[in-house]
Amino acid sequence: MELRKRKLILDVDTGSDDALAIMTALLCPEAFDLLGICTVNGNRPVENTTENTLRVVELLGAQTPVIRGCASPLVAQIDPLRSRRRRLEEGRDADGDLVAYHAEYLPLPPAKGSALPGAYAPIWYIDTLMRQAEKVTLVMVGPLTNFAIAYRIEPRILDHVAEIVIMGGGLYEHNSTAAAEFNIFTDPEAAAILFECGEQVPLTVMPLDATHRANLRPCHAELFKSWHTAVGDFVGAEICERIRAYNLLQPLHEPDIAPIHDALCILYLLDPSIITELRTVRADVVCGGIADGETVFDTRHFTDAPRNCRVCLNTNEEKFAQLMVDILSRAKSR
Ligand code: BDR
Ligand code: CA
């Protein structure tokens, strides 16, 4: 397939699946000119997600700038009920061993470098986007706080955005509460701002309905481990840990699968045919109350409010796994 090389910014809360998203983007330099990676509070506090992001960048020997972002959501701290409704993020298996979707620190050597000194993600977005001649693609796979603040400060940044892809939300699938997915639930007001942006720039949403079909399995973990390299060991271990976490904390439609939610956004940009069901709809976010953080996708077009996103609802699972293996194999010897 003929690919146009895109300027790209990633926004992450690294995080095991974020790590694999970063790796796939870095390993496709023919497709992406990665301007920077912004970090945010989410899977872990922003200090950890920043350090974890640096570790992943260094694992691949890349020089991509990492920009520290927001330490907390826009308003969640003043709604104490929100934090009490959260799902369990970690637990203990039958042997008493800790199991978590995302380790406090990824099992990689401590970063030698640091985040861009004196830079903060919302301001960096504005400075970087406003001076771009070519429009930039944004992929956000954590809570959406950084860009929401940037857009509120300087709405003209949208003139420099080609499209936005976010991992978040769910039509039928949820993972933080009975109504909400983690990234949106962590900062619903920021998500509402992103859906507002979707009225002006193309916005693609990758909810759990698609990402629960974007899985790697024990056979993939074994393949990566068989390389006996730093990259192979790391990827293999992360797949195994995610499988353990899902089996224990959030059993899915089948056992022994590890959804790699965030990487699906990158793979979708590389090969949109990986998504097998996609609808153009109006999406809104519930802020507060029993369905706090729910994404409401109007798939039956009840409202005449402008359609503001394309929502991906299913994934070609074989294609996803094959593309992940192909891309990660580029780092087989590292
Ligand atoms: C999302 O939440 C995080 O735990 C993952 O990194 C992913 O971005 C899935 O709901
Ligand atoms: Ca994430």
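Check the entry above for the structure.
A few points on the structure. (Residues numbered from 1 in each chain as written. Chains lettered and ligands numbered in written order. Predicted model: local features only at pLDDT ≥ 70, side-chain atom pairs only at ≥ 80, totals over all residues. Heavy atoms only, no water.)

Further remarks concern the pairing of strand β8 (residues 203-206). Here β8 shows no split at all, with L203 and V205 on one side and T204 and M206 on the other all buried. Strand direction decides the pairing type here: strand β7 (residues 161-167) and β8, joined by four bridges, are parallel. When the sheet's bridge partners are listed, M167 is paired in β8 with M206. Bridge count for β8 against strand β14 (residues 309-315) is two bridges, and the pairing is parallel. Within β14, the position partnered with T204 by the bridge is R310. (Buried < 20%, exposed > 50% of the residue type's maximum accessible area, 1.4 Å probe, protein only. Helix = DSSP H or I, 4+ residues; strand = E, 2+ residues; numbered from the N terminus. Pairing = 2+ DSSP bridges.)

Taken together, the protein donors to the calcium ion (ligand 2) comprise D13 (OD), D18 (OD), D18 (OD), V141 (O) and D262 (OD), at separations of 2.3 to 2.8 Å. The sequence motif formed by the donor residues of the calcium ion (ligand 2) is D-x4-D-x122-V-x120-D. Here D262 lies in helix α11 (residues 261-270) and V141 lies in the loop between β6 (136-140) and α5 (145-153), a separation of 121 residues in the sequence. (Donors = N, O, S within 2.8 Å, 3.2 Å for Na, K, Ca; no water.)

What follows is about the site of ligand 1. D17, N43, N175, E181 and D262 are the nearest of the 14 residues found near ligand 1. Here an oxygen atom of ligand 1 and a side-chain polar atom of N175 are 2.8 Å apart. Within the side chain of E181, an N or O atom sits 2.4 Å from an oxygen atom of ligand 1. Protein chains bury 98% of the 280 Å² of accessible surface belonging to ligand 1 in isolation. Judged by the proximity of its atoms to the pocket grid, ligand 1 belongs to the largest cavity. Elements with a minimum of two residues in the shell around ligand 1: α1 (16-26), α6 (182-186) and α11. Here the shell around ligand 1 is built from residues that sort into four nonpolar, five polar and five charged. (Near = heavy atom within 4 Å. Polar contact = N/O pair within 3.5 Å; in protein donor to acceptor, adjacent residues only side chain to side chain. Areas by Shrake-Rupley, 256 points an atom, 1.4 Å probe, with all protein chains shown as cover. 1 Å grid on protein atoms, 1.4 Å probe; cavity = no way out; pocket = protein on both sides within 12 Å on 5 of 7 lines; lining within 4 Å. Sits in = over half its atoms within 2 Å of the grid points. Nonpolar A, V, L, I, M, F, W, Y, C, P; charged D, E, K, R; others polar.)

With that out of the way, let us pick up the environment of N52. Mapped onto the fold, N52 is located in helix α2 (residues 46-59). For N52, a relative accessible area of 0% translates into the label buried. Reaching out from N52, the side chain makes a polar contact with the backbone nitrogen of L106 at a distance of 2.9 Å.

Attention shifts here to empty space enclosed by the protein. Empty space among the atoms becomes visible once a probe the size of a water molecule is rolled across them. Applying the stated criterion across every chain yields a total of one cavity of 30 Å³ or more. The space that makes up the largest cavity amounts to roughly 140 Å³. D17, N43, H102, F182 and H261 are, among the 17 residues lining the largest cavity, the residues nearest its centre. When contributions to the lining of the largest cavity are tallied by element, the ones reaching two or more residues are α1, α6, α10 (230-249) and α11. Here the lining of the largest cavity is built from residues that sort into five nonpolar, five polar and seven charged. (Points joined across faces, edges and corners; volume = space filled by probe spheres on them.)

Turning next to the nonpolar core. Taken as a class, soluble globular proteins show a tendency for nonpolar side chains to be buried jointly. Ranked by size, the top nonpolar core spans 62 residues in total, and within it L10, M23, I266 and F320 carry the most contacts. Residues contacting M23, with those up to four places away along its chain left out, are V56, L59, L60, V231, F234, V235 and L328. (Core = buried A, V, L, I, M, F, W, Y, C linked by side-chain atoms within 4.5 Å. Contact = heavy atoms within 4.5 Å.)

Next up on the list: the environment of C240. Structurally, C240 can be placed in helix α10. What makes C240 partly exposed here is its relative accessible area of 24%. Along the primary structure C240 and D256 are separated by 16 residues, whereas in three dimensions their C-alpha atoms are 8.8 Å apart. Leave out the neighbours within four places in its chain, and C240 touches A221 and K225.

Moving on: the packing of aromatic side chains. According to the stated counting rule, one finds four aromatic pairs in the structure shown. Taking the centre distance of 5.2 Å and the plane angle of 85 degrees together, the rings of Y125 and F147 count as edge-to-face. Taken together, the residues Y125 in helix α4 (residues 121-130) and F147 in helix α5 connect sequence positions 22 residues apart. Residue Y125 is classed as buried on the basis of its relative accessible area, which comes to 0%. Judged by relative accessible area, F147 falls into the buried class, the value being 0%. Considering the side-chain rings of F224 and W227, the 5.2 Å spacing of their centres and the 90 degrees angle between planes classify their relative orientation as edge-to-face. The exposure classification of F224 matches that of W227, with both residues buried. The rings of W124, Y125 and F147 are connected pair by pair, giving a single aromatic cluster. (Phe/Tyr/Trp six-rings, centres within 6.5 Å; stacked < 30°, edge-to-face > 60°.)

Residue T14 is joined to G15 through a cis peptide bond whose omega torsion reads -15 degrees. Within the secondary structure, G15 sits in the loop between β1 (6-12) and α1. In the Ramachandran plot, H228 falls in the positive-phi region, its phi being about 55 degrees despite a non-glycine side chain. Looking at the element boundaries, H228 is found in the loop between α9 (218-225) and α10. What makes H228 exposed here is its relative accessible area of 67%. The backbone of D256 shows a phi angle near 60 degrees, a positive value even though the residue is not glycine. Relative to the elements of secondary structure, D256 occurs in the loop between α10 and β10 (258-259).

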